[in-house]
Amino acid sequence: GGSADPSFQGDGYYIAAAGGAAFQNLAHIQTVVQDAGFNVDISDRSRDMGMLSIQGPKSRDILSRLTDAPLDNESFPFSTNRMIEVAGHKVRALRVSFVGELGWELHIPSESCVPVYRALMEAGAEDGLVNAGYRAIDSLSIEKGYPHWHQEVRMDDSPLEAGLLFTCKLKTDTDFLGRTALEEKRKLGARKKKVCFTVDDNVCLLGLEAILRNGEYVGHIRRADHAFLLEQEVAYGYVMNNGEKITQDWLKSGEYEIESKGKIYPATLHLKSPFDATNKRIQGNYEEPTQESLISMERARASAI
């Protein structure tokens, strides 16, 4: 097979790692394979491929003009992948998003990157398809609540503390590295917790700002940016309770502020992402909510907080 569609002898895995964590992931896998003495061949094919990500409410319409593959939710569900042809070129399409929108990542053999890119831009011209850079991705991802490795999530954060237990197979008998330690941490409860804040004031938050609860310092912001749909500043950080267990009641009972450059700004705590918490946009549902549903959503959000 090719770089995007490899063939394996025995069991095989196609691993797509985030760009900022790729070398760390590779080093970790190599260390585990070496220590365990597994008979495994690891091949890094990153330089043989490129990746284009088409995201947004028109992404399905645009991509469908270049492929015969069915792209509806039933035929191509979220968090699945398959080989398809795009503009006559074989690519691996992954139904994923790091910006909280309907879309696909296309893993493309290097020789096909330019023609596929040109075909996409031409097919999407009538719908206003444009290039987006990493600053746009940063803003969109934090608005949705997707964390960056090395910022909201680091090697010294556990899945329990970072709100990532859903990625761990704790409801199965599957063993994994760190499971015993994680289960012990879960029994004891988190001593720090990643939470979301929004700030209505016009202030540029960048990260490392102080978090205050009832006037006392309880942590600092890891990452922040402006959310253009919410029209607010969004910030994620970890809070602590003097070494005690962090509970939902403790989180919800506090009044929060964020200090930036010597000034204090009122902040609203969110235990879930304030943007599309039910993932409707990822499924392609862009219907504008009615006034009644907005009131219902606000009541639900208030009760959740």
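Calculation notes
- Each chain has its residues counted from 1, running along the sequence as written.
- Given that this is a predicted model, residues contribute local features only at a pLDDT of at least 70 and side-chain atom pairs are listed and counted only at 80 or more, while totals for whole chains, interfaces and linings are drawn from all residues.
- Side-chain numbers here rest on the full set of heavy atoms in the structure, without hydrogens or water.
- Throughout, exposure labels follow a simple rule: accessible area from a 1.4 Å probe, protein chains only, divided by the maximum for the residue type, with under 20% read as buried, over 50% as exposed, and the rest as partly exposed.
- Only DSSP runs of H or I reaching four residues or more are called helices, and only runs of E reaching two or more are called strands; each is numbered from the N terminus.
- Strands pair, by our definition, only if DSSP identifies at least two bridges between them.
- A residue's pLDDT is the confidence the predictor assigns to it, expressed on a 0 to 100 scale.
- Contacts between residues were defined by any pair of non-hydrogen atoms, one from each residue, lying within 4.5 Å.
- Here, patches come from residues exposed beyond 30% relative accessible area and free of salt bridges, joined within 9 Å for like charges and within 5 Å for nonpolar side chains (Val, Leu, Ile, Met, Phe, Trp, Tyr).
- Only the protein chains shown count as covering a residue, and every accessible area follows the Shrake-Rupley method with a 1.4 Å probe.
- One speaks of a salt bridge when a side-chain nitrogen belonging to Lys or Arg is within 4 Å of a carboxyl oxygen belonging to Asp or Glu.
- Axis geometry follows a simple rule: fit a line to the C-alpha atoms, using only the stretch in contact for helices, then measure angles between N-to-C directions, giving values from 0 to 180 degrees.
- Put simply, a nonpolar core is a bunch of buried Ala, Val, Leu, Ile, Met, Phe, Trp, Tyr and Cys residues held in one set by side-chain atoms that sit within 4.5 Å of each other.

A look at the pairing of strand S5 (residues 192-199)
Most of S5 is tucked away: seven of the eight residues are buried. Looking at chain direction, S5 and strand S8 (residues 232-240) are connected through eight bridges and run antiparallel. Looking at S8, one finds that Lys193 is bridged to Val239. In this sheet, strand S10 (residues 263-270) lies alongside S5 in antiparallel orientation, the contact comprising three bridges. When the bridges of S10 are listed, Cys196 appears paired with His270.

Structural notes on unusual backbone geometry
A negative phi angle characterises most non-glycine residues, just as the trans form characterises most peptide bonds. Positive phi outside glycine occurs at Lys261, with the angle close to 55°. Residue placement: Lys261 occurs in the loop between strand S9 (256-260) and S10. Residue Asp276 is not a glycine yet carries a positive backbone phi of 45°. Structurally, the position occupied by Asp276 is in the loop between S10 and helix H8 (291-304).

Focus: the confidence of the model for the protein
With 94% of its residues at a pLDDT of 70 or more, the protein has an overall mean of 92. Predicted confidence is poor over residues 290-305, with pLDDT under 50, and the contacts of this stretch with residues over four places away or in other chains come to ten contacts.

Quick look at a nonpolar patch on the surface
A contiguous nonpolar surface patch, about 270 Å² in accessible area, is contributed by Phe38, Val40 and Ile42. In this structure, Phe38 sits in the loop between helix H1 (22-36) and strand S1 (49-55).

Observations regarding the sheet that holds strand S6 (residues 210-213)
Pairing is antiparallel around the closed barrel formed by six strands, whose spatial order is S5-S8-S7-S6-S9-S10. Ignoring which end each strand starts from, the neighbouring axes of this sheet average 40° apart. Most of the contacts of helix H4 (residues 134-144) go to strand S7 (residues 216-227), to which it runs at about 125°, and overall it touches S7 and S8.

Section: the nonpolar core
In terms of nonpolar packing, the biggest core is built from 20 residues, with Leu63, Val86, Val91, Trp104, Leu106 and Leu120 touching the most fellow members. Counting only elements with at least two residues in this core, the list comes to helix H2 (59-64), strand S2 (81-86), strand S3 (89-94), strand S4 (103-109) and helix H3 (113-123). The greatest single-element share of this core, amounting to five residues, is contributed by H3. With residues near it in sequence (within four places) discarded, Leu106 still touches Gly50, Met51, Leu52, Leu63, Val91, Arg92, Ala93 and Leu120. Among the nonpolar cores identified, the runner-up in size contains 19 residues, and Val218, Ile221, Ala224 and Ala267 belong to it.

Overview of H4
Within the sequence span of H4, burial applies to Asp138, Ser139, Ser141, Ile142, Glu143 and Lys144. Buried residues belonging to H4 abut S7 and S8. Note on H4: the residue one or two positions beyond its end, Gly145, has a positive phi of about 95°.

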